[in-house]
Each structure stands twice: as C-alpha cells, then as structure tokens.
Amino acid sequence: MGIPVMEGAKIGAYIVKQHLLGRKRYPLVLMLEPLFRCNLACAGCGKIDYPDKILNQRLPYEDCMEAIDECGAPVVVIAGGEPLLHKEIGKIVEGALKRGKFVTLCTNALLLEKKMSEFKPSSAFNFSVHLDGDREMHDKSVCQQGVYDRAVAAIQAARAKGFRVTINCTLFNDADPERVANFLDTLKGMGVDSATVSPGYAYERAPDQAHFLNRTKTKELFRAIFRRGDKGRRWDFFQSSLFLDFLAGNQAYRCTPWGNPLRTVFGWQRPCYLLNEGYAATFKELMETTDWDSYGVGNYEKCADCMVHCGFEPSAVAHAVKNPLAALKVALFGVETEKPFAPDIALDRQRPAEYAYSAHVEEKLNEIVEAERSAKQAAAAE
C-alpha cells in the first residue's frame, strides 16, 4: 500500500484508543471544504451547484482551525470546490500541520504551480491531484480540453520541489478496465507516490446522471481492473487493502458516515460528505443529534448504490485494526477477483429519498443577505 508507515501507525493507534475508550462513533478524517467555488465545472460534480452569493463564501482561517480542534480527527483532507482559490489556503495547511495532523490538499492542479510557494514539503502533507484516467478520459470527465496535460506538468513541478503527490481517480460506468489499468501503470513515471480510486457518487444535483455506477457494476469494474494488475499488487494505493477488497465485492461493509465528517461554509453537513441533508452548528451537535441509523445502504434510498471511499474507508480501516490478518492477507496476496461476491445488504427496507437542498440554499442565502444588510447599516452609521 502507498500509505506511509508512520501515518498508518498513528492512525491505527488512534483507532485502538477510541475502542479502548468505548467510543462507538468517532471521526477518522475531517473533510474540510473552505469554499465551494471551483475553476472547473465537471459533469459528475454535485458540489458547485450553488448561487454566486454562496460560491463567494469562504471559511476563514480561524473557523478552519476551530473545526480541526473540535473534530479531533488525525487526518485533515481539504477539498472543495478548488481549495487553491482560497486566499488563506497556505495558512490553513500550515495551521493543520502545526496541530500534528496529516494533511491532504485535493486539487485539480490548474493553480498548483502558481500557488506552490505557499506550501512547504512535509512527510505529513501531500497534494492529491484529481486525474480520472488518461488524457482523453480525464479531459472528458472535467469537460475541458488540456486539463490533463496541465495537471501532469504541475505534478512533476511539485515532485521536483520535494512534495508528496498522490492522485485521486473517480470512475464512472463508461470506464474501460484496460485503459484504467494502463493509466495506473503510468503513475510511477509521473513521479506520483500513490493513487486513490473510488466509484463516483450519484449527486442529485450533478449535471450528468447517466454514468454513475450501481453496486454490482462497481464490483465488476474493479475486479476487471485489479485482474489486470496482479490482483492490484502492481500499484501503490493511498487506501487500505480491505477497502480495495470491498470495491471488488469481497467485503460487505456498512458505511461509517461519521468517519469522515464534513465542515463547509454552511456548518457541519449531515450525515456525510456526500449527502446534503441538513447542518449542525457544532461537531458535537452533529455527532449527538444526527439519526445515523436512518442512513446507509439498506436504510436510505439515496445510499443504495454508494461504495465511495469517504463512507466505507473508515469501515475498512476499523476492520483492519480489529482483524489485521485479514488486511495483511489482501496486502500480500492481492484482491480476490474470481470467487462469488460476498452477500450484499438487502434494500427492501430502505426509506424513500427526501430532498432538502433548496431549503438549505434558501436559508443560507437569507443569512448572507441579512449579514450584508447589517454590514451596510453599520457602515452608514459610522
């Protein structure tokens, strides 16, 4: 696996501590979205469909540090939107590192070379560059020509300056296993340390709803990919071996939505990084007042096809800590690609989907308008 030994050891120790303390639910990774604005408009993205007044909002440095301290997770993943558009992004990363966190900054890399001077190489920090396959695959995915070449150039520039670089690759139902395998083969030549792979999640607001994978297709796709790479052992992944085994249908995990809590300009998003079902004002409120049992595969219609890393990686990591031999077996012998799939979770008792997006947006817009009105009144009174 491509996870550094020290990082893996510290995360493992953190999980063991939570279990010894008897905590049923605890965060593993803080997903921090300090803005929604992006300089791309990918067809499969459901993160940028907001009015300009919301896209113009930014979480200030102080709020980001408060979220990191409040959550307490050992890992901080900074996403968006495009985080490099945030004027305080270098300071935010530095603040997280000073707090002893392992930090990943997700980026499409279009601004990476320009903004690189704001960061310092560290064994606890890496850029995670979005690449959904080879040049043709990626440029199609992001709906813009030339992005792949610019991203690769930025990766090479970052590696030349001593930064750790991983790639995150999201796959849809038009992915060709042979091409994906060939793409993974090219990463070492780029200087990439490791890869994160995941099926796309069917965001309800994403422009392209036709190419999301269902669970069976996800398992078939990843088995076909791993089969072409010595059961996945040919490549370095920035993921647990048991999550890869799950993608191939050999594990039947329930998701852990509280494992990767999300803080955005709205607040703490319920119940997870993928679903927008309301917000809590504090992390404590999120953990204590969210009806966790009403979400997840088998519980909620929106979750039916989800096998995304932010929900299931924490489940796989917890399994690995409890049963390290299971993880070691996959790491040594690779992902099983021929035996029948593990029995999946039944969907016959899931509750129907609810849609609250418009209400959340309207509430936030009203809040912004009121804040702007109050600021103008205060300025006029001076």
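Residues numbered from 1 in each chain as written. Predicted model: local features only at pLDDT ≥ 70, side-chain atom pairs only at ≥ 80, totals over all residues. Heavy atoms only, no water.

(A) Fine view of unusual backbone geometry. In this structure, Gly81 follows Gly80 across a cis peptide bond, with omega equal to 20°. Counting through the fold element by element, Gly81 comes out in the loop between β2 (75-78) and α4 (89-98). Following Arg270, the chain continues to Pro271 via a peptide bond in cis, the omega torsion being -10°. Note that Pro271 resides in strand β8 (residues 267-271). Residue Ala109 is not a glycine yet carries a positive backbone phi of 75°. Inspection of the secondary structure assignment puts Ala109 in the loop between β3 (102-107) and α5 (112-115). Classification of Ala109 as buried rests on a relative accessible area of 2%. Its identity as a non-glycine residue notwithstanding, Asp230 has a phi of 55°, on the positive side. (Helix = DSSP H or I, 4+ residues; strand = E, 2+ residues; numbered from the N terminus. Buried < 20%, exposed > 50% of the residue type's maximum accessible area, 1.4 Å probe, protein only.)

(B) Seen up close, the packing of helix α3 (residues 61-71) against α4. Interhelical geometry of α3 versus α4 gives an angle of 25° and a closest axis separation of 10 Å. Classified by the angle between their axes, α3 and α4 sit roughly parallel to one another. Helix-helix and strand crossings are classified by hand; for α3 and α4 the assignment is right-handed. In this structure, α3 uses Tyr61, Cys64, Met65 and Ile68 to contact α4, whose residues at the interface are Lys91, Ile92, Gly95 and Ala96. A per-class count over the contact of α3 with α4 returns six nonpolar, one polar and one charged. (Axes fitted to C-alpha atoms, helices over the stretch in contact; angles between N-to-C directions. Parallel < 35°, antiparallel > 145°, perpendicular 65-115°, else oblique. Left-handed = near helix turned anticlockwise from the far one by under 90°. Contact = heavy atoms within 4.5 Å. Nonpolar A, V, L, I, M, F, W, Y, C, P; charged D, E, K, R; others polar.)

(C) Representation of empty space enclosed by the protein. On inspection of all chains with the given rule, the structure shows one cavity of 30 Å³ or more. In terms of lining residues, the largest cavity is bounded by 16 residues, among which Cys255, Cys272, Leu274, Cys303 and Cys306 are the most central. In terms of residue count, helix α12 (residues 309-322) provides more of the lining of the largest cavity than any other element does, three residues in total. Taken together, the residues of the lining of the largest cavity sort by class into 14 nonpolar, two polar and no charged. (1 Å grid on protein atoms, 1.4 Å probe; cavity = no way out; pocket = protein on both sides within 12 Å on 5 of 7 lines; lining within 4 Å. Points joined across faces, edges and corners; volume = space filled by probe spheres on them.)

(D) Seen up close, α3. Taken together, the buried positions of α3 are occupied by Tyr61, Cys64, Met65, Ala67, Ile68 and Cys71. Along the axis of α3, the buried residues cluster in a sector spanning 155°; they form a single face. Its buried side turned inward, α3 meets β1 (29-32), β2, α4, β7 (262-264), β8 and α11 (283-289). Just downstream of α3 lies Gly72, where phi reads positive at about 80°. (Arc of directions from axis to C-beta.)

(E) Expanded view of the pattern of salt bridges. Applying the stated criterion across every chain yields a total of 25 salt bridges. A salt bridge links Arg37 to Asp52; the nearest nitrogen and oxygen atoms lie 3.6 Å apart. Pair noted here: Arg37 is in the loop between β1 and α2 (52-55) and Asp52 is in helix α2, with a separation of 15 residues, a long-range link. Salt-bridge contacts for Glu94 lead to Lys98; the nearest nitrogen and oxygen are separated by 3.4 Å. One end of the pair, Glu94, and the other, Lys98, are both in helix α4, four residues apart, so they sit about a helical turn from each other. Here Lys98 falls in the exposed class, since its relative accessible area comes to 67%. Among the ionic contacts, a cluster of salt bridges with common partners joins Asp134, Glu136 and Arg179. (Salt bridge = Lys/Arg side-chain N within 4 Å of Asp/Glu carboxyl O.)

(F) A nonpolar patch on the surface, seen in detail. A contiguous nonpolar surface patch, about 440 Å² in accessible area, is contributed by Leu325, Leu328, Leu332 and Phe333. Structurally, the position occupied by Leu325 is in helix α13 (residues 324-333). Relative accessible area serves as the criterion here: at 65%, Leu325 is assigned to the exposed category. (Patch = residues over 30% accessible without salt bridge, like charges linked within 9 Å, V, L, I, M, F, W, Y side chains within 5 Å. Areas by Shrake-Rupley, 256 points an atom, 1.4 Å probe, with all protein chains shown as cover.)

(G) Quick peek at the sheet that holds β8. Spatially, β6-β5-β4-β3-β2-β1-β7-β8-β9 is the arrangement adopted by the nine strands of the open sheet, whose pairing is mixed. Whereas interior strands pair on both sides, the edge strands pair on one side only; in this sheet they are β6 (194-199) and β9 (276-280). Neighbouring strand axes in the sheet, compared pairwise and without regard to direction, differ in orientation by 30° on average. Relative to β6, strand β5 (residues 164-171) runs parallel, the two being bridged by six bridges. The partner of Asn168 across the bridge, within β6, is Thr196. Each of β1, β2, β3 and β4 (125-130) touches α4; the most contacted strand, β3, lies at about 155° to it. Seen against the sheet, helix α8 (residues 177-190) touches β5 and β6 and runs at an angle of roughly 175° to β5. (Pairing = 2+ DSSP bridges.)

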